[in-house]
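Working through the structure, step by step
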Amino acid sequence: MKRVAIITSSDMGFQGKREDLSGPAIKEIAEREGYQVVSMDILPDDRAMLSRRMAEIADENQAELILTTGGTGFPRGCYAGGTEDITERKVPGIPEAIRAYSMTITKRAMLSRATAGIRKKTLIINLPGSPKAVKESLEYIIGALGHGIEIMTGEAGNCARQ
């Protein structure tokens, strides 16, 4: 069973002034797809704090996948930079696919600064902040993630189909 850590970036959520609906939406979809949720954090919109938590999860091999929500928009969104600060390799196809799909729903998808990357053997993906956009985005990409994680961790050795 693949493990996933979920991190929500929200000043208001961190202060207990707003209920996090996006993190639980990610949890529901991930568990339905067979992932074990190993942690759920709500952190403020603080680039260094978010980077430290993502790095800790990857460096301690706590999860093969980190899904983040929030913190990707204007003006204070800091997940894109924080993710790029700590990843060793970019995975641009994932956020490109999310944006392309989301553009069929709302032109505001072009405003997303989300990114994705790999640190050690952990794939990190920034998702949007709204529960609706999280569901749309994650349901669109989750089917392909398992194979990518298997390649990344060495469980599968080849992407070629026979």
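Residues numbered from 1 in each chain as written. Predicted model: local features only at pLDDT ≥ 70, side-chain atom pairs only at ≥ 80, totals over all residues. Heavy atoms only, no water.

1. Brief notes about unusual backbone geometry
Peptide bonds are, in most cases, trans, and in most cases residues other than glycine have a negative phi. A positive phi angle is found at Asn-61, which is not glycine, with a value near 50°. Along the polypeptide, Asn-61 turns up in the loop between helix H3 (47-59) and strand S3 (65-69). (Helix = DSSP H or I, 4+ residues; strand = E, 2+ residues; numbered from the N terminus.)

2. Structural notes on the packing of aromatic side chains
By convention here, two paired aromatic rings are described through the distance between centres and the angle between planes. By the definition in use, this model includes one aromatic pair. With a centroid separation of 4.2 Å and 10° between ring planes, the pair formed by Tyr-101 and Tyr-140 is classed as stacked. On the criterion of sequence distance, the pair formed by Tyr-101 in helix H5 (residues 93-103) and Tyr-140 in helix H6 (residues 131-153) is long-range, its members being 39 residues apart. By relative accessible area, which is 45% here, Tyr-140 ends up partly exposed. (Phe/Tyr/Trp six-rings, centres within 6.5 Å; stacked < 30°, edge-to-face > 60°. Buried < 20%, exposed > 50% of the residue type's maximum accessible area, 1.4 Å probe, protein only.)

3. Remarks on the packing of helix H2 (residues 22-32) against H6
The N-to-C vectors of H2 and H6 enclose an angle of 25°; their axes lie 9 Å apart at closest approach. In terms of axis orientation, H2 runs roughly parallel to H6. Between H2 and H6 lies a crossing of right-handed hand. Along the contact surface, H2 presents Ser-22, Ala-25, Ile-26, Ile-29, Ala-30 and Arg-32, while H6 presents Pro-131, Val-134, Lys-135, Leu-138, Glu-139 and Ile-142. (Axes fitted to C-alpha atoms, helices over the stretch in contact; angles between N-to-C directions. Parallel < 35°, antiparallel > 145°, perpendicular 65-115°, else oblique. Left-handed = near helix turned anticlockwise from the far one by under 90°. Contact = heavy atoms within 4.5 Å.)

4. Side note on the sheet that holds strand S6 (residues 122-127)
Strand order across the open sheet formed by six strands is S2-S1-S3-S6-S5-S4, with mixed pairing between neighbours. Only two strands of the sheet have a single partner each, and these edge strands are strand S2 (36-43) and strand S4 (89-90). Pairing of strand S5 (residues 116-119) with S6 involves four bridges; the strand directions are antiparallel. Counterpart to Arg-119 in the pairing with S6 is Thr-122. (Pairing = 2+ DSSP bridges.)

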